[in-house]
Amino acid sequence: MLPLSGPIAPAARQAYAEALNGLMGGILAPESGVLDAWQQYPIPFASHATTADQPAAPQPPADALADLLSGDDIHGNALRLVGRMVREGVTDAMIRSTFQILAQQVEAMRGADRAQALLGGELTRMIRGARDWQARGQTDREDQRRRESAAMDQSADSDFLTPPPRPTEAMFYGLTGEVARTAAAGREVNPVSVAAAFLSWLSAQVGRDVYLQVGDVRHPVPLFTLHVGRTAIAAKGESTGLPLRIDEAIRQSPLARLGPEQHLLGQTHAGGLSSREGLTLFVHDGYKSGRDDIPSIEDKRLWVFEPEFQNVIAQGKREGNTLSAALRDVWDGGSIKPATKGGRIWASVPHIALHGCITPFELRAGLEQKDITNGFGNRFLLIWAERTCLVPLPRATAPEAISRLARRAERVIRFALGTYPATIYTRELRLTPDAETMWCSAYRSLKRREPLGETVAALLERRAPITLRLAGLFALTDESLMIEARHLAAALAWSRYHRDSVAFVFGAEVEQTRQAIEQSDRRRKLRDYLAGRDWVIRSEILSRALGGKVTANDLNGVLQAMLADGEIEQKQEARGGAATNTKTFYRASVAREIDAKDAKHAQDGVNADPESGRTTAKDAERRTPEKDAAGVVCREVIG
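Residues numbered from 1 in each chain as written. Predicted model: local features only at pLDDT ≥ 70, side-chain atom pairs only at ≥ 80, totals over all residues. Heavy atoms only, no water.

### What about the environment of Arg496?
In this structure, Arg496 sits in helix α20 (residues 485–506). We classify Arg496 as partly exposed; its relative accessible area is 48%. Distance in space between the C-alpha atoms of Arg496 and Thr467 is 9.7 Å, their sequence separation being 29 residues. (Helix = DSSP H or I, 4+ residues; strand = E, 2+ residues; numbered from the N terminus. Buried < 20%, exposed > 50% of the residue type's maximum accessible area, 1.4 Å probe, protein only.)

Right under this line is the structure:
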């Protein structure tokens, strides 16, 4: 408002302000005469004038003198002031002119020594340094913009959305595939949902005479399957239509009765599971009701169809309800025991399979964290399936087709049932050598924790045993106790579909998926970097293994996850003798992976007669310090 042709004394400021206020009718505020409100730069009017060809020059800071005189470090203040003026576009000549006047004012207030530091070569170096810093900063900003632009261009054709799963032909093996294709022919129902329901139904009917031996544990083959899809679109009710018609056809056959009290098929219960006690009543060991003795149910096969599976989840949330715990025990092959000491109803070795239907919203909203972490959720073969087409007037499957499928299913069940329930666990399902090789190749992938977040990883923890059960069922559909490579290939196809379904249903949060994928990529880079190296310090991991492109929190997340999974080891060393001043080092863990042949050698050695006292040369060679205590040869595998 009031440019001046030269410097003025501090005492003259108020006089100028009062004169200007009078000319303007007294509109100025009382603080108009203070130092910060004045531009005290000696800019001649002629050089400051503007024309159409000469735009106005940028004005220097109005509070320059106050900034310069704050504190005792005038040199540091001058550096900051020069940098500020450079950033705001002030020319070098204007900066020099400004500092000449500022030096006069500093001399009057602080002395000549302080003022001298603001002029001469020192000021030239300040201006040059500020210009260089500005140029480097501009270059860095341009590089950053180019990187961000390249990243945006690259991400334009990629994202972190999870697509729905796609079935493969390998899933529809043998009788299961024939049932699924028959149900879907000319109808809206998804063949995957039909196949899942049929496999669950069949797993309940085969009984417990057949089993899988895994270590010292015998596994029965019942399946818990869960069909997930949106309301009305998933056609969840139709998925069990054909399996239930096959069930009805077998029950009506006079050949399906094995005796006065036994039928070829076990019980079927549609909906309404509410408690451990209610489940036990279907397969109980007998109990006393008043004065009456209720006899035991000998055939403990049961297939449960829950079209509204959210009710089962809701029951598990009720205070004192232990239904979910009972289902976990059943899946594991255990018995259903009373939840309290006063309970009177037991069920020894029940053989129960379950098929449920639920919408994705109900599943995500209803499944609590405890259901995910306690193993309830990961005992289910979860599949996503919705209708494949629109058919206004679908026709029912022909009776001839029903009879053909029922006869095939009847033969399979007769073969698998054996002498059940008189006997249990007498016939083992075994892998052929080719299937064993395939299983060993796939096992690491099945046991690997999925990189799509903790929920997805927890829900897929039992992929391996579920896959083995599926392979056993496919072998039984061929009326065989030997699991061949083709049976295992079909089971692995289902396992992949299961994995993709869980990822689709529970990995819908794009940001969570992005973070999980990025962490998985960082873990892969760190595994590759640590391979073959000894102890590596944390700073080296950050700068070299990960390129310095992660935050400290991200690095902590990667290291913590790899420590939890046993992929890396950690040690700390004191620096300078101080216990609290330490360096942290990491290296890759050495995983002990035992192949099938070596495991057999170990088992043979443990099972040998300890009284014989005979040791062959081969035994002596095997029991070297490099072997473990059981005589197992271990391969070193990173991660």
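### So, helix α10 (residues 241–252)
For the α-helix, the turn length of 3.6 residues means that residues three or four positions removed from each other point alike. Spanning 12 residues, α10 covers 17 Å between terminal C-alpha atoms, matching the ideal 16 Å at 1.5 Å per step. Along α10, the residues classified as buried are Leu242, Pro243, Ile246, Asp247 and Ile250. Down the axis of α10, the buried side of the element spans an arc of 145°, and every buried residue falls inside it. Turning to α10, the residues buried within the fold contact α8 (174–184), α9 (191–205), β5 (262–263), β6 (267–270) and α16 (399–417). (Expected span 1.5 Å × (residues − 1). Arc of directions from axis to C-beta. Contact = heavy atoms within 4.5 Å.)

### A word on the packing of aromatic side chains
The geometry of two aromatic rings is summed up by the distance between their centres and the angle between their planes. Going through the model one piece at a time under the given rule, you end up with 10 aromatic pairs. Look at Trp384 and Phe504: their rings are 4.9 Å apart centre to centre, the planes differ by 70°, and that puts the pair in the edge-to-face class. Separated by 120 residues along the polypeptide, Trp384 in strand β11 (residues 380–384) and Phe504 in helix α20 bring together distant segments of the chain. Judged by relative accessible area, Trp384 falls into the buried class, the value being 10%. On the numbers, 5.6 Å between centres and 55° between planes, the contact of Trp439 with Tyr443 is tilted. (Phe/Tyr/Trp six-rings, centres within 6.5 Å; stacked < 30°, edge-to-face > 60°.)

### Quick notes on the confidence of the model for the protein
The pLDDT averaged across the protein works out to 78; a share of 73% of its residues lies at or above 70. A low-confidence stretch, residues 34–60 stays under pLDDT 50, and its non-local contacts, those more than four residues away or across chains, total 53 contacts. Segment residues 151–159 is flagged for pLDDT under 50; beyond a separation of four residues in sequence, or across chains, it makes zero contacts in the model. (pLDDT = per-residue confidence, 0-100.)

### Focus: empty space enclosed by the protein
Which parts of space are left empty comes out when a probe the size of a water molecule is rolled across the atoms. By the definition in use, this model includes three cavities of 30 Å³ or more. A volume near 60 Å³ is recorded for the second largest cavity. Looking at the lining of the second largest cavity, its residues break down into nine nonpolar, one polar and no charged. (1 Å grid on protein atoms, 1.4 Å probe; cavity = no way out; pocket = protein on both sides within 12 Å on 5 of 7 lines; lining within 4 Å. Points joined across faces, edges and corners; volume = space filled by probe spheres on them. Nonpolar A, V, L, I, M, F, W, Y, C, P; charged D, E, K, R; others polar.)

### Looking at the pairing of β11
Most of β11 sits out of view: five of its five residues are buried. Burial along β11 is two-sided: the residues Phe380, Leu382 and Trp384 and Leu381 and Ile383 are all buried. Bridging between strand β3 (residues 224–228) and β11 involves five bridges; their strand directions are parallel. Counted as the bridge partner of Phe224 is Phe380 from β11. (Pairing = 2+ DSSP bridges.)

### So, the sheet that holds strand β9 (residues 301–306)
What the five strands build is an open sheet, ordered β6-β9-β10-β3-β11; its pairing is parallel. At either margin of the open sheet sits one strand with a lone partner, and together these are β6 and β11. Each neighbouring strand pair of the sheet contributes to a mean axis angle of 15°, computed without reference to strand direction. (Axes fitted to C-alpha atoms, helices over the stretch in contact; angles between N-to-C directions.)

### Structural notes on the environment of Pro167
In this structure, Pro167 sits in the loop between α7 (121–155) and α8. For the pair Pro167 and Ala493, spaced 326 residues apart in sequence, the C-alpha separation works out to 8.1 Å. Excluding residues within four positions of it along the chain, Pro167 makes contact with Phe172, Val192 and Tyr497.

### Observations regarding the pairing of strand β1 (residues 210–214)
Of the strand pairs in this sheet, β1 and strand β12 (residues 427–431) are connected by three bridges, and their pairing is parallel. Following the sheet pairing, Val210 is matched in β12 by Arg427. Pairing of β1 with strand β2 (residues 217–219), which is carried by three bridges, proceeds in the antiparallel orientation. Following the sheet pairing, Val214 is matched in β2 by Val217. Linking two consecutive strands that pair antiparallel, namely β1 and β2, is a turn of two residues; a positive phi of about 65° is found at Gly215 within it.

### With respect to unusual backbone geometry
Pro421 follows Tyr420 through a cis peptide bond whose omega is 5°. Mapped onto the secondary structure, Pro421 falls in the loop between α16 and β12. A positive phi angle, close to 35°, is found at Val349, a residue other than glycine. By the element assignment, Val349 lies in the loop between α13 (323–331) and β10 (351–358). Judged by relative accessible area, which is 29%, Val349 ranks as partly exposed.

### Structural notes on the sheet that holds strand β13 (residues 482–483)
Sheets are built from strands that pair by backbone hydrogen bonding, the pairs being arranged parallel or antiparallel. Read from one edge of the open sheet, four strands run β2-β1-β12-β13, paired in mixed fashion. Looking at the sheet topology across the chains shown, the edges are occupied by β2 and β13. Note that β12 and β13 share two bridges and pair parallel. When the bridges of β13 are listed, Arg430 appears paired with Met482.

### Regarding the nonpolar core
Core analysis: the biggest nonpolar cluster contains 101 residues, and Trp201, Ile246, Leu363 and Trp494 have the highest contact counts within it. Discounting chain neighbours no more than four positions away, the residues touching Trp494 are Met171, Val192, Ala195, Ala196, Leu199, Leu381, Ile383, Leu470 and Phe474. Core analysis: the second largest hydrophobic core is formed by 21 residues, Leu65, Ala103, Ala115 and Ala130 among them. (Core = buried A, V, L, I, M, F, W, Y, C linked by side-chain atoms within 4.5 Å.)

### Topic: the pattern of salt bridges
A full pass over the atoms with the stated rule returns 26 salt bridges. As a salt-bridge pair, Glu386 and Arg230 come within 2.7 Å of each other at their nearest N and O atoms. One end of the pair, Glu386, is in the loop between β11 and α16; the other, Arg230, is in the loop between β3 and α10, with 156 residues separating them in the sequence. For Glu386, a relative accessible area of 10% gives the class buried. What makes Arg230 partly exposed here is its relative accessible area of 43%. (Salt bridge = Lys/Arg side-chain N within 4 Å of Asp/Glu carboxyl O.)

### Some details on the side chain of Arg208
As for its placement among the helices and strands, Arg208 is situated in the loop between α9 and β1. No salt bridge is formed by the buried Arg208; its nearest oppositely charged neighbour, Asp332, is found at 9.8 Å. A polar atom in the side chain of Arg208 sits 3.0 Å from the backbone oxygen of Gly333. Contacts of Arg208, omitting those with residues within four sequence positions, involve Pro220, Val330, Gly333, Val349, Pro350, His351, Tyr420, Ile424 and Tyr425. (Lys, Arg positive; Asp, Glu negative; His and termini not counted. Polar contact = N/O pair within 3.5 Å; in protein donor to acceptor, adjacent residues only side chain to side chain.)

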